[in-house]
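One letter stands for each residue in the lines below.
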Amino acid sequence: MVKETIRVYARLKPLGRRQQAGTYSVGDEKSASSLEIVVPRDLADGFVNNKRESYKFKFQKIFDQEAKQDVVFDSIAKPVAECALAGYNGTIFAYGQTGSGKTFTITGGAERYSDRGIIPRTLSYIFDQLQKDNSKVYTTHVSYLEIYNECGYDLLDPRHEASRLEDLPKVTIMEDPDQNIHLKNLSLQQASNEEEALNLLFLGDTNRMIAETPMNQASTRSHCIFTIHISSKEPGCPTIRHSKLHLVDLAGSERVAKTGVGGHLLTEAKYINLSLHYLEQVIIALAEKNRSHIPYRNSMMTSVLRDSLGGNCVTTMIATLSLDKRNIEESISTCRFAQRVALIKNEAVLNEEIDPKLMIIQLKREIQELKDELALVTGKQRTSELSQEELLQLDELIETFLEDSDPESTLDIGADMRKIKYCFTYLKLRQNHSKISDEKLLSHHISEEKDTNKEAGKEELEKMKELLQQRDNEINILVNMLKNEKKKAQDALFQLSSASAGSTLLKQSQSMTLEESRNPSRFFSLKEVEDLSSSVHRLPFLSRMKEGKMSLGCQEAFEVFKQDHADRITIEDNKQLLKQRFAEAKCLGEKINEVRNKINHLKGEITQRCIQRAALAVSNPSEELDALDPVEEKLRAQIEEEKKSYKTMFNRLKGLKVEIEHLQLLMEKAKMKLQKDFEVWWTEEGKNLQTQQENTELVSSPNTAMVYPQFIKSSQHLSANSFSETTRADSNEDSTGKNSSILFNNPTTKTRTPPSSSTSIPLTGDSQTDADILAFIKARQNILQKKGLGNK
Ligand code: ADP
Ligand code: MG
């Protein structure tokens, strides 16, 4: 690694005969030279605030006007070329105003052979060295890039015969993830010897010259970078060294404002060339300490020369100066720039890398050598793989060893690395396999148990929650209903007591309920209820409801709902009518039976009479047998009479049957309507309760929220058992109506049972209402017990 500042040289161009020389002096010190430029009186007088007359600049070395190209090359370029040959990157760039000798220094003069510049001399030197060095294999390539107006052009493209710069292939900059700059489209031409390389240089220079027209002063405004790429490697060694040597002819450094007017000498005029302005910025940034960002990307030239400036490169600058009187100011500018560049430190590293292909070849060779050696020592030729037979033998050996219970037992497979490795692999596989299968078994078992337990518990919990919500809401609805009932009763009582006739009515109704309760025939037995419920199975709606379980609370609510329903009177009327018709039919049936019996009896009498008369004719043949028997005639007349009444009664019964069936249908319809109305009401009530709870936050249980779906469910599952009044008609086949019956039950008698034990339900605080609630709950329990459902 070479860490050093950029070496800065100065070269003074010989002055023409007509040029008036400025005053300067070159002083040689130990390790550096100094250039003192004296500003002439006539010029200095014009500068405002300028009291200085001379400027002193330090350079690595100053080449005065007489300095020849070979001397310049030896001092400046040779050391850099040597670095490039050793594997380091190098850059030599010439900086100065147009006409100061940049191209002369870098490329050389066209007239004399001795005027050859740094590029041809470097090429010559490098190829000389390469020829001398037999220890390495070298490969050399050259590229020639011109940057004009931020555009790169390939000067070495042989396919193009350029008449204009724009005809040349355009070169663009690419940056890889490691921030390395790559030049796309810049051709790398291989040059195996000096001649080839010089031909390429000539081609590039021709292109450069042709492209230059008076309209585009390319040579003064463009930068040219000639690069020699060297790669070297020692035979048998996988490392390759790469190096690049940039020989740079920069654009003219002249500035916009010419000197002589108002102090411009000190304030620095602007560059004509913008990329040189960016070059200066990069150099200022690099000279500053603790500067993290260097604006290389601002121009193509600084991007390409990135490594040369503050990077991995041995860099040298030649400041070309034309020190005639008119160019004093530009010369001072150039020197100032050179002073800044001299502060920049570069760190050149050896560009070495290992070629993987070469590495593989080398290692393979090494392996073969070792194998040969081994075969020689053991006397056996070995392949890298064990044979199938050897593998089977090994398997057997390992298994026997593992199964052997003797702790002293050993596994002897000989001193063969392949066999030893195979044994370890075998054991590892065995170990892993048993571990995996154990883990699998265990985890499977655990997860299964966990899952089922969790699932079951969760499901159970959800069910319980649902049920609890349902119950809470049912109780709330029932409490509301009870409150309404109570209010209605109170209102009625008030109306009755205010009216004079009211009291007797009340008494009547009370006595009626008393009478009803005393008449056990008007209640259902449990058996009857069951019979009834089964009798209504043919109704699609009711059977649908019976499929699911209806909640007890819902049943209760339905009982109460029925009492207040508007259709109740119609149903009641129809029921009464049906009852009457049934009674009529029953009576008629009995009468018909009587008539039938009578007819049968008369028929029997006639037969008797006939037998008697036949017997008489046998014993007493004189009797007039053929004469009509008046008794028989009378009996026959009677039969005819009875038959007539039978027919009338039968027709009447037929009519009754039709009427009864019609009434039954009507009642079923009414019941369905009732059921539907209840469903709607129940759902509405559930909704209302929910919103009420949400609004007032007066929730008795937190689980009462979101119960709406359960309400619909429970109302849909109203069982047929909830109908305490049902009709049954099996009269289709039984025309006599013998088995027909009308069953009637009034549930209000049951809900008015006096209150007793308390139940844990939300109470209102009002003593009267609470008593009613408790009574209601008790009554509900009674009903359920009677129905054999028992509420716990
Ligand atoms: P630049 O490239 O800086 O614009 P040139 O290299 O083209 O300048 O030089 C301008 C002229 O000066 C050319 O004709 C060149 O031959 C001549 N010249 C420059 N430097 C020297 C030198 N050291 N010796 C002889 N002639 C030179
Ligand atoms: Mg030039």
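Preceding this section is the structure that the text describes.
Residues numbered from 1 in each chain as written. Chains lettered and ligands numbered in written order. Predicted model: local features only at pLDDT ≥ 70, side-chain atom pairs only at ≥ 80, totals over all residues. Heavy atoms only, no water.

## Notes on the overall build of the protein
For clarity, the threshold we go by: Comment: elements are numbered from the N terminus, with helices defined as DSSP H or I runs of at least four residues and strands as E runs of at least two. Contacts are residue-level and defined by heavy atoms, with any inter-residue pair within 4.5 Å sufficient. The Shrake-Rupley method, run with a 1.4 Å probe sphere, supplies the accessible areas, and residue values consider only the shown protein chains as cover.
Check the secondary structure of the protein and you find 22 helices and 19 strands. Put simply, of all contacts in the protein between residues at least 6 apart along the chain, 74% involve residues at least 24 apart. Looking at the protein as shown, the accessible area adds up to about 46300 Å², and 53% of this sits on carbon and sulfur atoms.

## A look at helix 8 (residues 274-287)
Note the following rule: How far a helix is expected to stretch is found by multiplying one less than its residue total by 1.5 Å. Exposure classes here rest on a 1.4 Å probe applied to the protein chains alone. A residue is buried below 20% of its type maximum, exposed above 50%, and partly exposed in between.
Look at helix 8: 20 Å from first C-alpha to last across 14 residues, which is about the 20 Å you get at 1.5 Å a residue. Every buried residue of helix 8 is accounted for by Ser-275, Leu-276, Leu-279, Glu-280, Val-282, Ile-283 and Ala-285. If you follow the buried residues of helix 8, they end up packed against strand 7 (90-95), strand 13 (223-233), helix 9 (300-304) and helix 10 (328-341).

## Brief notes about the sheet that holds strand 3 (residues 23-28)
Rules: In short, DSSP must find at least two bridges between two strands for them to pair. To obtain each axis, a line is fitted to C-alpha atoms, and for helices this fit is confined to the stretch in contact; angles are then taken between N-to-C directions over 0 to 180 degrees.
What the 3 strands build is an open sheet, ordered 3-4-5; its pairing is antiparallel. In this open sheet, the two strands that pair with only one neighbour each are strand 3 and strand 5 (54-59). With direction set aside, neighbouring strand axes in the sheet form an average angle of 20°. Where strand 4 (residues 33-38) lies against strand 5, 6 bridges are found, and the strand directions are antiparallel. Looking at strand 5, one finds that Ser-33 is bridged to Phe-59.

## Focus: the packing of aromatic side chains
Put simply, the test is: Note on ring pairs: Phe, Tyr and Trp rings are taken, using the six-membered ring of Trp, and paired if centres are within 6.5 Å. Classes follow the plane angle, with under 30 degrees stacked, over 60 edge-to-face and the rest tilted. As a reminder, the over-ring test applies to NZ of lysine and CZ of arginine, requiring each to be within 6 Å of the ring centre and within 35 degrees of the ring normal.
Counted by the stated rule, this structure contains 12 aromatic pairs. Ring geometry for Phe-558 against Phe-678: centres 4.9 Å apart, planes inclined by 70°, an arrangement best described as edge-to-face. Here Phe-678 lies in helix 19 (residues 630-696) and Phe-558 lies in helix 17 (residues 552-564), a separation of 120 residues in the sequence. You can call Phe-558 buried: its relative accessible area is 0%. An angle of 35° between the planes, with centres 5.3 Å apart, marks the rings of Phe-561 and Trp-681 as tilted. Taken as a pair, Phe-561 in helix 17 and Trp-681 in helix 19 lie far apart in primary sequence, 120 residues in all. A relative accessible area of 22% places Trp-681 in the partly exposed class. Sitting above the plane of the Tyr-113 ring, Arg-116 keeps its charged end 3.8 Å from the centroid.

## Here we look at the pairing of strand 8 (residues 137-148)
Buried residues dominate strand 8, accounting for 9 of its 12 residues. Pairing of strand 8 with strand 13 involves 11 bridges; the strand directions are antiparallel. Each bridged residue has a counterpart across the sheet, and for Ser-143 the counterpart in strand 13 is Thr-227. One ladder, built from 2 bridges, connects strand 8 with strand 12 (residues 189-190); its direction is antiparallel.

## A look at the pattern of salt bridges
Short version of the rule: When a carboxyl oxygen of Asp or Glu is within 4 Å of a side-chain nitrogen of Lys or Arg, the pair counts as a salt bridge.
Within the structure shown, the criterion is met by 25 salt bridges. One salt bridge connects Arg-340 with Glu-280, and the closest N-O pair in it is separated by 2.9 Å. Of this pair, Arg-340 sits in helix 10 while Glu-280 sits in helix 8, and the two are 60 residues apart along the sequence. The partly exposed category is assigned to Arg-340, whose relative accessible area is 27%. Relative accessible area serves as the criterion here: at 10%, Glu-280 is assigned to the buried category. Put simply, Lys-673 and Asp-677 hold a salt bridge, and the shortest N to O gap is 3.6 Å. With Lys-673 and Asp-677 both in helix 19 and 4 residues apart, this pair spans about one turn of that helix. Given the relative accessible area of 27%, Asp-677 is considered partly exposed.

## Focus on unusual backbone geometry
Of note in the backbone geometry, Asn-149 takes a positive phi value of approximately 55° without being a glycine. Within the secondary structure layout, Asn-149 lies in the loop between strand 8 and strand 9 (151-154). With a relative accessible area of 65%, Asn-149 lands in the exposed category. Positive phi values are uncommon outside glycine, yet Asn-185 reaches one of about 85°. By the element assignment, Asn-185 lies in the loop between strand 11 (181-184) and strand 12.

## Quick look at a nonpolar patch on the surface
Spelled out, the test is: In this scheme, patches are assembled from residues that exceed 30% relative accessible area and form no salt bridge. Like charges are connected within 9 Å, while nonpolar side chains (Val, Leu, Ile, Met, Phe, Trp, Tyr) are connected within 5 Å.
A cluster of nonpolar residues, Ile-354, Met-359 and Leu-363, forms a patch on the protein surface that exposes about 250 Å² of accessible area. Mapping Ile-354 onto the fold places it in strand 17 (residues 352-354). Looking at Ile-354, the relative accessible area reads 48%, which means it is partly exposed.

## Focus on the site of ligand 1
Using the following cut-off: A single heavy atom is enough: if one lies within 4 Å of a molecule or strand, its residue is considered near that molecule or strand. For this analysis, a polar contact is any N or O atom pair within 3.5 Å, provided that within protein one partner can donate a hydrogen and the other can accept it, and provided that sequence-adjacent residues contribute only side-chain to side-chain pairs. Throughout this entry, Asp, Glu, Lys and Arg are counted as charged residues, while Ala, Val, Leu, Ile, Met, Phe, Trp, Tyr, Cys and Pro are counted as nonpolar. The remaining residues, Gly among them, count as polar.
Around ligand 1, the neighbouring residues are Arg-11, Lys-13, Pro-14, Gln-97, Thr-98, Gly-99, Ser-100, Gly-101, Lys-102, Thr-103 and Phe-104. Here an oxygen atom of ligand 1 and a backbone polar atom of Ser-100 are 3.2 Å apart. In this structure, an oxygen atom belonging to ligand 1 sits 2.7 Å away from a side-chain N or O atom of Thr-103. Tallying contributions element by element places helix 3 (residues 102-106) first for the shell around ligand 1, with 3 residues. Grouping the constituent residues of the shell around ligand 1 by class yields 2 nonpolar, 6 polar and 3 charged.

## Regarding the pairing of strand 16 (residues 345-348)
Here is the key point about a regular strand: its side chains alternate between the two faces of the sheet. The side-chain alternation of strand 16 yields one buried face, formed by Asn-346 and Ala-348, and one unburied face, formed by Lys-345 and Glu-347. In this structure, strand 1 (residues 2-5) lies alongside strand 16, joined through 4 bridges in antiparallel fashion. Bridge pairing links Thr-5 to Lys-345 in strand 16.

## With respect to the nonpolar core
One recurring pattern in soluble globular proteins is that nonpolar side chains are buried together. To keep it simple, the criterion reads: Nine residue types can take part in a nonpolar core, namely buried Ala, Val, Leu, Ile, Met, Phe, Trp, Tyr and Cys, and a core is a set of them joined through side-chain atoms within 4.5 Å.
Formed by 45 residues in total, the largest nonpolar core has its most connected members in Leu-35, Phe-59 and Met-317. At 6 residues, helix 10 tops the list of elements feeding residues into this core. Setting aside chain neighbours within four positions, we find Met-317 in contact with Ile-6, Arg-7, Val-8, Tyr-9, Phe-93, Tyr-95, Phe-337, Ala-338 and Val-341. Counting residues in each nonpolar core, the second largest holds 42 residues, with Val-72, Phe-127, Val-142 and Ala-211 among its members.

## Examining the state of the cysteines
In plain terms, the rule: Cysteine sulfur atoms that come within 2.5 Å of each other are treated as a disulfide pair.
A complete count under the given rule lists 0 disulfides for this structure. Cys-313 carries a free sulfur, and the closest cysteine sulfur to it, the one in Cys-83, is 9.1 Å from it.

## Comments concerning the environment of Asp-629
Checked against the element boundaries, Asp-629 lands in the loop between helix 18 (568-619) and helix 19. Spatially, the C-alpha atoms of Asp-629 and Cys-610 are 9.0 Å apart, while their sequence positions differ by 19 residues.

## As for the packing of helix 2 (residues 69-86) against helix 4 (residues 118-132)
Rule in force here: Any angle between 65 and 115 degrees counts as roughly perpendicular, while under 35 counts as roughly parallel, over 145 as roughly antiparallel, and the rest as oblique. Throughout, a crossing is termed right-handed when the near helix is turned clockwise from the far one, and left-handed when it is turned anticlockwise from it by less than a right angle.
Closest axis-to-axis distance for the helix 2/helix 4 pair is 9 Å, and the angle between their directions is 50°. Looking at the two axes, helix 2 sits oblique to helix 4. As helix 2 packs across helix 4, the resulting crossing turns out to be right-handed. Residues Gln-69, Asp-70, Val-72, Phe-73, Ala-77, Lys-78, Ala-81, Glu-82 and Leu-85 of helix 2 form the contact with helix 4, whose own contacting residues are Ile-118, Arg-121, Thr-122, Tyr-125, Ile-126, Gln-129 and Leu-130. Of the residues contributing to the contact of helix 2 with helix 4, the split by class is 9 nonpolar, 3 polar and 4 charged.

## Notes on the environment of Asp-28
By secondary structure assignment, the location of Asp-28 is in strand 3. Taking the C-alpha atoms as reference, Asp-28 lies 8.2 Å from Lys-61; in sequence the two are 33 residues apart.

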